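Notes for the structure review
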Amino acid sequence: MKRKGRYFWAVAMAAVCAFIPGLAFADEVLSQAEIDTTAGEYLESMANLMVADTPENEAAALERAKNSITDSSFQSDLRERISKWKEQLAENGLTYKAARSDLAVESQNIGSDGRLYVRATESTMLTIAGEEVEEGMASEHIFVYENVDGAWLLVEDEQVEPSGLLPEEGKSEYSIINEEGELEILTNESASLDEGQLEEIEGLDNQLEILPQAVTPTGYNPLKAAAYLEKYYRTYNPAYRSFKGKDCTNFASQALRAGGWTFKTGYSGNANFWWYTKKSQSKSWINVEYLGSFAKLSHRCQMLKSPSQLRLGDMLQVKPKGSKQKTHTMMVSYVKNGVPHFTYHSSDKLRVPLSKILSRYPGATFYCYDIQ
């Protein structure tokens, strides 16, 4: 396995240092092979919970997961939640036939408590049964080891990000490194608007609904947008700032730009404009509601009636049941047998089939953009 860095490494390490007492950098304590046979085995066992197709296989996978790490109520709960999510997906026709995980080690550090903290990035691929399509997910971990009688034993998985094997849960904050090189916690710009901003956007959208829909050709190339999505779904593009924790709309804007969308400059808080610079960006670049409104205001899309109509390079936004506003942006990077597969950030996912999106958001309202 190759060691791989991520653009937001400094952000994660700054946050890590805040909760690990007396953290100090260390030489390589464990080899890659030793980490693979402990933390790697643990990740493989958890991923295989999504594949087990009989009660006997399910029990074997559960036992393997339990034995790969010192048990705790948290790990027991995680295993149970993964199994239940797999059952829910199966009810909607989505099952997996194989799983594999890769672990890229970033650093090893020993805390003042004598424990070894191994920071690593997980990449797990699940093969969708009947499609032969690999769905990918990436998440960051800090694996905790204790030295028992001279041997380092894996005792805990302190997940920097939620397990990619579970449906994502929204976050209210994200972290960045500001221009002074300091960690800064910001409000979740991608999903949260105050009442006045929401009314403004809704007013614009309502006006558009009664106007004839005219689409302005932009020279958009969906193949280039899809290629960008799949290239940077887990290895973030250092040419852009990462809004770690809620990067979905920022990532979609990058892909739209790669596909050929041109900037439209103007006041950053106006949904009529869409742009990015080294120091700033328009609200439409990073906010779900504003990006959707810009796509319509600029006549760079047509609205479709169903997510199943989406094709390569198209965009999907979702307003969960009970929510006053849209909270997530996804784009189609792959289509198989007419089924769109979505790639997005926060969490980092590759080729997620439509059935899984629908399972994650029961009763939600979907906004389907045929990007031009």
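Quick caveat, the model's predicted, so the values are computed rather than measured. (Residues numbered from 1 in each chain as written. Predicted model: local features only at pLDDT ≥ 70, side-chain atom pairs only at ≥ 80, totals over all residues. Heavy atoms only, no water.)

1. Describing the pairing of strand β4 (residues 133–148)
By the criterion of burial, β4 is predominantly enclosed, with twelve of the 16 residues buried. Across 13 bridges, strand β3 (residues 116–128) lies against β4 in antiparallel orientation. Note on β4: the bridge partner recorded for serine 123 is alanine 138. As consecutive antiparallel partners, β3 and β4 are separated by four residues, and within that stretch glycine 130 has a phi angle of approximately 85°, a positive value. Pairing of β4 with strand β12 (residues 348–353), which is carried by three bridges, proceeds in the antiparallel orientation. Bridging across to β12, glycine 136 finds its partner in leucine 350. As paired strands, β4 and strand β5 (residues 151–159) are joined by eight bridges and run antiparallel to one another. Considered in β5, the bridge of histidine 141 is made with glutamine 159. (Buried < 20%, exposed > 50% of the residue type's maximum accessible area, 1.4 Å probe, protein only. Helix = DSSP H or I, 4+ residues; strand = E, 2+ residues; numbered from the N terminus. Pairing = 2+ DSSP bridges.)

2. A closer look at the environment of arginine 257
With respect to the helices and strands, the residue arginine 257 is situated in helix α7 (residues 248–259). Relative accessible area serves as the criterion here: at 33%, arginine 257 is assigned to the partly exposed category. Sequence separation of arginine 257 and asparagine 221 is 36 residues, and the distance between their C-alpha atoms is 9.9 Å. Setting aside chain neighbours within four positions, we find arginine 257 in contact with Tyr240, Thr262, Phe263, Trp274 and Trp285. (Contact = heavy atoms within 4.5 Å.)

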